[in-house]
Structure formats: structure tokens, C-alpha cells
Amino acid sequence: MDSVFNDLYEKYHQDVFQFLFYMVRSREQAEDLMQEVYIRVLKSYQHFEGKSSEKTWLFSIARNVAIDSFRKEKGWKQRILEKFDWSTQQVKDEYPIPEEITLQREEIQLMYKGLDNCTVDQKMVIIMRYIQELSISETAEALGWTESKVKTTQHRALKILKKNMEDLLGKEEYTNEKVRVER
């Protein structure tokens, strides 16, 4: 079991931690939830039948741990909506030039701000599909949904995200123009 656990840890720890961090927006809470994920993994690994990949199984456990954590807190729906401060996202490109880094950070921050008006389910799908790069079938397995539900949720989330980003971009341009005029 030690070697299996170590393999799971080495392969997926960063991805699962990142998912939990995006969900709770607190490093300390994400670390606590990671411990709970690994406790559940140790307790239930003998029941893992291999019907899904280990990665989707871990994400499913992480999702349930995060939801359990939200349920324990008063007003968890509002809290999760307030928890998403996406400005801390790191750019993944290995060799960007400084101008590209600036543009990417602005675009990423804009995208994350745009997620604020998405539902919890929509955020989970966007995080799993585009940040964690899970396939539709892996996302469906991790969430315990049908592939159709994942596609529908993703479609709606992207539509809302696009509108929110356009609105935010318009507000930023207006704010920047107003600052120039006032000077």
C-alpha cells in the first residue's frame, strides 16, 4: 500500500491540491482538505475497482471533501462565491517574454473575475476541464455526472464567462479612459 500511495501522491498531489485551492481559496484550508483526501484514499483504496482512472477517482474524492467542508460552514454557497480570488494564478508558460507575461496575467485575472457569476458546478467544470485539463469523460467520472451534463454545464459556463469577461473588459477600458481624462 505504501508504494501505491506514494505513486498516487507523486502523480496527482499537485493537481488535486490546486483544485482544492481554487475551490476554497485558502492555502491552509486546502492543505487540511488534502489530508482528508489522503485519509479517505487510505481507507477506501481496497474498494477502488479501477472502473475509472486513479486521477478521476482522486478528483471525485477531493470534490466530495470540498463539498463536505462547505456544508459544515454556515452559508457555504455564499462563502464559495466569495472565495474565488483568481488573481493569484501562476502563468504556466515556461519561456514567455515579459510583455507576454503581463498580457497573460491580465487575461487570466480577467477570466477568473468572470467566473464570479458562475455557479459552483460551472466553476468546478471550468477548473477541471481547462485548468486541470481533464477530459469530458474524466470530469464526468470525477463529478459523478453524465458526459452530457458536463457538456451542458461547460457550455453554459463558457457563455456566462464570455459575457462576464466582455463586461469586465468594457468596464476596465472605461475606467482607464476616465483616469486619463481626469489627469
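Let us look at the structure shown here. As the structure is a prediction and not an experimental result, all values here were calculated from the model.

1. Section: helix α2 (residues 27-44)
Here comes step 1: Relative to the 26 Å expected for 18 residues at 1.5 Å per residue, α2 spans 25 Å between its end C-alpha atoms, a close match to the ideal helical length.
Here comes step 2: Every buried residue of α2 is listed here: Gln29, Ala30, Leu33, Met34, Val37, Tyr38 and Val41.

2. Some remarks on the pattern of salt bridges
A side chain of one charge can pair with a side chain of the opposite charge if their charged atoms are brought near each other.
Here comes step 1: For the coordinates displayed, the defined rule picks out 6 salt bridges.
Here comes step 2: A salt bridge links Arg40 to Glu36, with the nearest nitrogen and oxygen atoms 3.0 Å apart. With Arg40 and Glu36 both in helix α2 and 4 residues apart, this pair spans about one turn of that helix.
Here comes step 3: Linking Lys163 and Asp167 is a salt bridge whose minimum nitrogen-to-oxygen distance equals 2.8 Å. Pair noted here: Lys163 and Asp167 are both in helix α8 (residues 147-182), with a separation of 4 residues, about one helical turn.
Here comes step 4: Judged by relative accessible area, Lys163 falls into the partly exposed class, the value being 48%.
Here comes step 5: Judged by its relative accessible area of 35%, Asp167 is partly exposed.
Here comes step 6: One salt-bridge network, in which partners are shared between bridges, spans Glu36, Arg40 and Asp68.

Rules behind the numbers
- Residues numbered from 1 in each chain as written.
- Predicted model: local features only at pLDDT ≥ 70, side-chain atom pairs only at ≥ 80, totals over all residues.
- Heavy atoms only, no water.
- Helix = DSSP H or I, 4+ residues; strand = E, 2+ residues; numbered from the N terminus.
- Expected span 1.5 Å × (residues − 1).
- Buried < 20%, exposed > 50% of the residue type's maximum accessible area, 1.4 Å probe, protein only.
- Salt bridge = Lys/Arg side-chain N within 4 Å of Asp/Glu carboxyl O.

Nothing here speaks to function; it is geometry throughout.
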